[in-house]
Amino acid sequence: MSPVVVIGGGVAGSCVAYFLARAGRPVTVVDAGIHAASTVPSALLNPVRGQAGRVPERALEGLPFTWTLLRALVTAGFDIPHGATGVYRPVPDEKTRAKFDRHRPDGLDAQWQNPAQVPFALTTGHTAVLYLPQGGWVDGAAFTRAVREASGATVIRARATAWTAASVTLDDGRTLPAAHVVHCGGSVGTTWAGLDGTHRAGTMLRLHRAATPAPVSFGAYLAPAAHGGVLGATFEGPATRWRPEVLPLTSLEWLLRKGLALVPLMDTAVTGAWSGTRVSGLVAGPDTAGVWHLRGLGSQGFLLGPLLAAELAGRIARHGAGDGLSP
């Protein structure tokens, strides 16, 4: 049986490979290994998004699904730094609090707290803090690597230059036969393929220590990481294609101001930086040529990626033997 060939080894592609393998399908992952936003050193598992507090469709399913998969991988022996610490969302005024409440769906486990109730110091000026006890953070690179290795997929380090529903051509001239082809390219892969999407570059400063014991997010976010902590946000405007990231001094100044607006950062040293670009414009399913896609997850790769990957893998697997959607 020819394998299912997955193009892209980020969180989407790795999760598709994992669930296809669990459904009994042989899998090959073609991964150029160039610029994966999935290597983010501390990704938030946060169902309440942005400064309007919107909750993505299916976030209440995706969040526990990701935690279940992560715990299964840890039980299997994979080292994945993470913290099921909850997430704190401070808001500056009653108008913003009302927005959060307006967008809050039934079933969301969330509690408003007075800033004085938060078990660490916040910068003054916050009206209230929404505590999301089921949220947390995960080392993106470790999670992605673990789920890809756990899949047992054959990994080919190459760039896919062309594909059909039944084959993938690599940059070294080889052609791989495929039972199905799944395109899971991120910002770079989507740009190479000429596919639509909105690309947003983000910046993260690595800190010598975690500024807070749990993620804090509004406009920017501070979170623990495997080593120290991070301060991250999206500053540069959206683009129609990927371009190499830069960190202008204006971005650095803006990011530091955002961090200082959340918590006091005295005695916190910056030890390095990470940059990555996410692509949004979700596509999950086959195109008219019969090629499957899971791409355009944007900032929700770890929140929704595993759930959507399991469902997509189930749809593909039903073309042969097996189903199996649970971690």
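Structure: above.
One structure accompanies this document, and this report is about it. In this text, all values refer to a predicted model and were calculated from it rather than measured experimentally.

### A look at the sheet that holds strand S10 (residues 160-163)
Working step 1: Sheet architecture is open: 3 strands sit in the order S10-S11-S12, paired in antiparallel fashion. Strand pairing shows two members of the sheet lacking a second neighbour, S10 and strand S12 (175-177), which therefore form its edges. In this sheet, adjacent strand axes meet at a mean angle of 25° when their direction is disregarded.
Working step 2: Judged from the 3 bridges that link them, strand S11 (residues 167-170) and S12 form a sheet pairing that is antiparallel. Note on S12: the bridge partner recorded for valine 168 is leucine 176.

### Some words on the pairing of S11
Working step 1: Bridge analysis of S10 against S11 gives 3 bridges, and the strand direction is antiparallel. Each residue of the ladder has a partner; that of alanine 160, found in S11, is leucine 170.
Working step 2: Between S10 and S11, which pair antiparallel one after the other, the connecting turn spans 3 residues.
Working step 3: Hairpin geometry of S11 and S12 is characterised by an intervening segment of 4 residues between the two adjacent antiparallel strands and by a positive phi of about 95° at glycine 173.

### Quick notes on the packing of aromatic side chains
Working step 1: Scanning all chains against the criterion turns up 6 aromatic pairs.
Working step 2: Taken together, a centroid distance of 5.0 Å and an interplanar angle of 90° make the contact between tyrosine 18 and phenylalanine 19 edge-to-face.
Working step 3: You can call tyrosine 18 buried: its relative accessible area is 7%.
Working step 4: Given the relative accessible area of 0%, phenylalanine 19 is considered buried.
Working step 5: Aromatic side chains phenylalanine 19 and phenylalanine 65 sit 5.8 Å apart centroid to centroid with 45° between the ring planes, which places their arrangement in the tilted category. Of this pair, phenylalanine 19 sits in helix H1 (residues 11-22) while phenylalanine 65 sits in helix H2 (residues 59-75), and the two are 46 residues apart along the sequence.
Working step 6: A relative accessible area of 15% means that phenylalanine 65 is categorised as buried.
Working step 7: Members of the aromatic cluster, connected to one another through ring pairs, are Tyr18, Phe19 and Phe65.
Working step 8: Cation over ring: arginine 159 sits above tryptophan 192, and NZ or CZ is 4.0 Å from the ring centre.

### Quick look at the pattern of salt bridges
Working step 1: Under the definition given, this model contains 6 salt bridges.
Working step 2: One salt bridge in this structure joins arginine 257 and glutamate 253, with 3.6 Å as the shortest N-O distance. On the criterion of helical spacing, the pair formed by arginine 257 and glutamate 253 is a turn pair, its members being 4 residues apart in helix H6 (residues 249-260).
Working step 3: For arginine 257, a relative accessible area of 48% puts it in the partly exposed group.
Working step 4: Residue class for glutamate 253 comes out partly exposed when judged on its relative accessible area of 47%.
Working step 5: If you follow the salt bridges from partner to partner, you end up with Arg58, Glu61 and Glu311 in one network.

### Some remarks on the nonpolar core
Working step 1: Val16, Phe143 and Val182 are the most contacted members of the largest nonpolar core, which has 84 residues in total.
Working step 2: With 10 residues, the single largest contributor to this core is helix H7 (residues 301-317).
Working step 3: Sequence-distant contacts of phenylalanine 143, that is, excluding residues within four places in its chain, are made with Val11, Cys15, Thr66, Leu69, Leu70, Leu73, Ile80, Val138, Phe302 and Pro306.
Working step 4: Of all hydrophobic cores here, the second largest spans 12 residues; its members include Ile156, Leu170, Leu176 and Val181.

### Considerations on the sheet that holds strand S3 (residues 43-45)
Working step 1: One open sheet accounts for 3 strands, arranged S3-S8-S4; its pairing is antiparallel. Edge positions in the sheet fall to S3 and strand S4 (82-83), since each has one partner strand and no second.

Cut-offs applied
- Residues numbered from 1 in each chain as written.
- Predicted model: local features only at pLDDT ≥ 70, side-chain atom pairs only at ≥ 80, totals over all residues.
- Heavy atoms only, no water.
- Pairing = 2+ DSSP bridges.
- Helix = DSSP H or I, 4+ residues; strand = E, 2+ residues; numbered from the N terminus.
- Axes fitted to C-alpha atoms, helices over the stretch in contact; angles between N-to-C directions.
- Phe/Tyr/Trp six-rings, centres within 6.5 Å; stacked < 30°, edge-to-face > 60°.
- Buried < 20%, exposed > 50% of the residue type's maximum accessible area, 1.4 Å probe, protein only.
- Lys NZ or Arg CZ within 6 Å of the ring centre and 35° of its normal.
- Salt bridge = Lys/Arg side-chain N within 4 Å of Asp/Glu carboxyl O.
- Core = buried A, V, L, I, M, F, W, Y, C linked by side-chain atoms within 4.5 Å.
- Contact = heavy atoms within 4.5 Å.

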